[in-house]
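Chain by chain, the residues:
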Amino acid sequence: MANCVTRILLRVMIYLFIIFWGSFGVARVLWQFLWHPLSFFHQKKREVVPEILLDSSYGTHKYVTANGIKFHYVANGTEGKPLMLFLHGFPEFWFSWRFQLLEFSRDYYTVAVDLRGYGDTERPAYKKDYKLELLIQDIAELIPALGYKSCVLVAHDWGGILAWRLVQSRPELVDRYIAMNIPHPKVYWKVCKSHWKQLLASWYIFMFQLPYLPELLMRCRDYIFLNQLFLSHRMGIKNKAGFSTEVLEAFKYNFSQPGACTAAINYYRNLLNTPRHRHTEKIEKPVLVIWGDDDVAIIKRLADKHNIVATNLTVKHIPNCSHWTQQDCPDLVNQYMQEFLQNDAS
């Protein structure tokens, strides 16, 4: 009886949060429209792939089918070397790993995949096609589809939501795991219960439950949403030398494709209906957590709590680094990854 009441209260609280933050989202849309009525619906036509995405130094563009989905990925290095698989977050695509693909290609076959619905990967039309169990199964089947039994798994943001669950439910598929600015779900909820700051920082998750409005926010004023995420003083990349106007245009091209915004938002629309993560055993595979300390969406307190879920844990903090860890401070990220991989191998 008590559990039933708790579930009802939790569901009521979720709906209240959706109403509150949904209203905030409506206010943001109205604000944008009232202040920029002439440019609100403007979207630049982007029909030609930006040249930077065709740069062969990043790797070779390839396709593979897994879990019934045709996945696009970019690969560097020699097939047959150990697989290093990169999983991007929101709102990104394979290109967010451009600083790592070449860096690790001497010792690994590096593969940066476009997740389901992103980039040039197949884009199912319905919300139900983006349930968490399907997304995790995508990765579980992608590894053997690439011709490997296991990999070094590297993930950021939404890619990490999938990766944490995969390394715990299918440990045989992962040799080592590197997570960037994404907590294990157990750590996230534990901190949320005692620190309202994190729950408030997650406001966008509740706003994204609404129909149509999130897509409108993403597209208005020629995807200014992406400017705000990647370049604003509060949320954006701190070290902008590696994030040029050309790079921003590549992201805008990616999300201007038909259905791209809805596919990305559908990840969130299924999140609150996902069954609770029930794996209680600790992760025994080596885990490296790299954390950009200036992340305003996920507070840095979460990084140091992962000893409750992992037995072989290394944590590295990067000051003056945003949520966009591997793009913001690629040299330090690559250094910490190399040290972790070398120490674990020795």
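The sections below set out a description of the structure shown in this document. In this text the structure is predicted, and so the values were computed from the model without any measurement.

Basis of the calculations
Residues numbered from 1 in each chain as written. Predicted model: local features only at pLDDT ≥ 70, side-chain atom pairs only at ≥ 80, totals over all residues. Heavy atoms only, no water. Patch = residues over 30% accessible without salt bridge, like charges linked within 9 Å, V, L, I, M, F, W, Y side chains within 5 Å. Areas by Shrake-Rupley, 256 points an atom, 1.4 Å probe, with all protein chains shown as cover. Salt bridge = Lys/Arg side-chain N within 4 Å of Asp/Glu carboxyl O. Lys, Arg positive; Asp, Glu negative; His and termini not counted. Charge placed at Lys NZ, Arg CZ, Asp CG, Glu CD. Helix = DSSP H or I, 4+ residues; strand = E, 2+ residues; numbered from the N terminus. Polar contact = N/O pair within 3.5 Å; in protein donor to acceptor, adjacent residues only side chain to side chain. Contact = heavy atoms within 4.5 Å. Buried < 20%, exposed > 50% of the residue type's maximum accessible area, 1.4 Å probe, protein only.

### A word on a positive patch on the surface
Okay, so step 1: A cluster of basic residues, Lys186, Lys190, Lys193, Lys197, Lys282, Lys300, Arg301 and Lys305, forms a positive patch at the surface.
Okay, so step 2: The element that contributes the greatest number of residues to the positive patch is helix H5 (residues 185-194), accounting for three residues.
Okay, so step 3: Counting through the fold element by element, Lys197 comes out in helix H6 (residues 196-201).

### Thoughts on the side chain of Ser96
Okay, so step 1: Among the secondary structure elements, Ser96 is positioned in the loop between strand E3 (83-87) and helix H2 (98-101).
Okay, so step 2: Only 3.5 Å separates the side chain of Ser96 from the side chain of Gln326, close enough to count as a polar contact.
Okay, so step 3: Apart from residues no more than four positions distant in its own chain, Ser96 is found in contact with His88, Gln326 and Gln327.

### Regarding unusual backbone geometry
Okay, so step 1: That bond from Phe90 to Pro91 is cis: its omega, -10°, falls within 30 degrees of zero.
Okay, so step 2: Following the sequence through the fold, Pro91 ends up in the loop between E3 and H2.
Okay, so step 3: Non-glycine residue Asp157 carries a positive phi angle of around 55°.

### Section: the pattern of salt bridges
Okay, so step 1: Applying the stated criterion across every chain yields a total of eight salt bridges.
Okay, so step 2: Measuring nitrogen to oxygen at the nearest pair gives 2.8 Å for the salt bridge that ties Arg116 to Asp138. Of this pair, Arg116 sits in the loop between strand E4 (109-113) and helix H3 (132-145) while Asp138 sits in helix H3, placing them 22 residues apart in sequence.
Okay, so step 3: Overall, the relative accessible area of 2% leaves Asp138 in the buried class.
Okay, so step 4: Two residues, Arg170 and Glu172, come together in a salt bridge whose shortest N-O distance is 2.6 Å.
Okay, so step 5: The exposure class of Arg170 is partly exposed, given its relative accessible area of 31%.
Okay, so step 6: Its relative accessible area of 45% is what places Glu172 among the partly exposed residues.

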